[in-house]
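Coordinate analysis (summary)
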Amino acid sequence: MDRIQGDEYTSVCRIDENTFVRNRKMPLQDLILTMINRKGLTLTLELRNYMKTAHPGTEISKPGYLKQRMKLNPDAFLDLYHYHNKNFYSEPGYATYNGYLVLAADGSNLNIPTTKETLETFGTSSRKNTKPQASIGLGCLYDVMNRMIIESDCNRCKFDEMAVAESQIDKVYETIGTEQPFLVVMDRGYPSTPAFIRMMEKNIYFLVRLKSSDYKKEQDSLESNDNWIDIALDKSRIRHYEGTSIAEQMRKLRYIHLRMVKIYLDDDNYEVLLTNLPTEKFSTEQLADLYHMRWSIETAYETLKSRLQIENFTGTKPQLLLQDIYSTIYVSNLSEDIILEAQQELDEKNKEYKHKMVINQTISIGILKNDLIYIILEKNKEKQEALFN
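Now for a description of the structure that goes with this document. For every chain, the first residue of the written sequence is number 1, and numbering continues from 1 onward in sequence order. In view of the model being predicted, local features appear only for residues whose pLDDT reaches at least 70, and side-chain atom pairs are presented and counted only at 80 or more, with totals across whole chains, interfaces and linings using the full set of residues. Each side-chain value is worked out from all heavy atoms of the structure, with water and hydrogens disregarded.

**Notes on empty space enclosed by the protein**
Definitions used for this entry: grid spacing 1 Å over protein atoms alone; cavity, a set of points where a 1.4 Å probe fits but cannot get out; pocket, an open set with protein on both sides within 12 Å along at least 5 of 7 lines; lining residue, one with an atom within 4 Å of a point. Grid points are joined across faces, edges and corners, and a volume is the space filled by probe spheres set on the points. Counted by the stated rule, this structure contains two cavities of 30 Å³ or more. The volume enclosed by the largest cavity comes to roughly 70 Å³. Along the walls of the largest cavity sit Thr 34, Met 35, Asn 37, Arg 38, Leu 43, Glu 46, Leu 47, Tyr 50, Tyr 65, Arg 69 and Thr 314, which together make up its complete lining. Counting from the N terminus, the helices are DSSP H or I runs at least four residues long and the strands are E runs at least two residues long. Going through the elements one at a time, α3 (28-36), α4 (43-54) and α5 (62-69) are the ones with two or more residues in the lining of the largest cavity. By residue number, the principal contributor to the lining of the largest cavity is α4, which donates four residues. Amino acid classes used here: Ala, Val, Leu, Ile, Met, Phe, Trp, Tyr, Cys and Pro are nonpolar; Asp, Glu, Lys and Arg are charged; the rest, including Gly, are polar. In the lining of the largest cavity, the residues fall into five nonpolar, three polar and three charged.

Structure follows, in structure tokens:
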């Protein structure tokens with residue numbers, strides 16, 4: 001709440017300097033809180049329920065509300081969840097693996113209302129000769145152990161996931177601080193020699209699953225299940241980037257030195273991983289663990305879609321869609337933070353028990369969605385703490 005009430009935050013929310021100057025029936029703070037308070041109902045019901053809780057006896061029309069929303073910069077919610085995340089990682093107690101935050105990069109399409117404007121702005125994921133369905137390509141960088149979305153970007157539905165991931169990775173230290181090391185886990189759609197070169201230059205650790213066609217010559221000649229290899233940057237690999245600075249850099253490097261690991265799923269099936277993680281810090285088995293931890297980002301997308309109803313939009317304008325998406329991500333992070341804190345308290349309370357008690361995430365998110373607005377609006381610190389508990 002302190003962040004929402006500050007002048008700096010008001011500046012972030014403005015599309016131009018003349019907005020949110022006068023104190024209207026739906027001032028900025030209420031506008032933000034109505035978004036955080038969404039429960040997947042119709043907009044009319046959402047507004048009625050919010051005003052009944054926050055301002056009994058006062059009403060606002062749906063057109064008047066949406067008119068105010070069109071003055072709100074979607075970055076307002078990016079700012080909120082970045083502010084929350086910085087506070088989260090500024091205190092000890094968050095989970096790491098061998099001292100590293102484990103981040104997963106992945107993308108997912110969100111179905112949005114199909115209009116001429118949304119199709120032109122974001123494109124369609126539908127096949128040719130079928131009815132077009134407008135979609136946004138959401139790319140996220142996700143902390144799999146603490147269940148926090150560190151970065152998110154809304155793109156056209158068909159977007160360069162590796163380029164988005166690189167941009168997000170470059171901003172990680174702004175959130176977690178420069179003292180906390182991290183590594184990034186990626187799936188088969190991400191292998192990119194130029195990206196690997198750039199990440200190695202920045203001393204960023206990565207672990208990526210390869211397709212059978214990626215670096216096929218090196219995969220076929222792998223001498224054991226865990227080998228450091230030289231990947232030759234020959235003409236066949238450089239020609240795709242001719243005329244760019246990375247092509248010249250590849251010629252000068254001549255090869256990149258990386259670790260290729262074969263992980264067996266059963267007697268006949270295996271995955272091949274590529275990484276720059278050091279052997280002395282991460283064993284073959286630990287690399288397998290790390291890659292399989294990547295699945296948590298798939299679960300996070302499912303939570304956004306099913307539990308938090310991220311695809312239940314309050315309007316059709318691109319600006320309103322972005323507000324809905326980023327505000328839902330903020331609520332997701334806020335909920336996970338509260339659940340994590342509650343789990344830590346439960347662990348401490350029951351540390352002598354043989355079996356660990358685990359808080360039900362689905363039920364907790366449902367309760368938080370109902371109670372979050374009361375927690376936020378409560379001005380008495382003791383009562384607010386009681387609502388948290």
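**Focus: the sheet that holds strand β3 (residues 148-156)**
Taken together, eight strands build an open sheet; the order of strands is β3-β2-β1-β4-β5-β8-β7-β6 and the sheet is mixed. Looking at which strands have only one partner, the edges of the open sheet turn out to be β3 and β6 (226-232). Going from strand to strand, the sheet's axes swing by 25° on average, the running direction of each strand aside. Strand direction decides the pairing type here: strand β7 (residues 255-264) and strand β8 (residues 270-275), joined by six bridges, are antiparallel. Each residue of the ladder has a partner; that of Tyr 264, found in β8, is Tyr 270. Pairs of residues are marked as contacts when any of their non-hydrogen atoms sit within 4.5 Å. In this analysis an axis means a line fitted to C-alpha atoms, helices contributing only their contacting stretch, and an angle means the value between N-to-C directions, from 0 to 180 degrees. Packing against the sheet, helix α14 (residues 284-293) makes contact with β1 (101-111), β4 (182-186), β5 (205-209), β6, β7 and β8, and its axis sits at approximately 85° to β7. Strands are treated as partners if at least two bridges between them are detected by DSSP.

**With respect to the pairing of β1**
A large share of β1 lies buried, amounting to nine of its eleven residues. Inspection of the sheet shows β1 paired to β4 by four bridges, in the parallel sense. Note on β4: the bridge partner recorded for Leu 103 is Val 184. For β1 and strand β2 (residues 135-143), the ladder comprises nine bridges, and the chain directions are antiparallel. Counted as the bridge partner of Ala 105 is Leu 141 from β2. Categorising residues by exposure relies on relative accessible area from a 1.4 Å probe, with only protein chains included: less than 20% of the type maximum marks a residue as buried, more than 50% marks it as exposed, and the intermediate range marks it as partly exposed.

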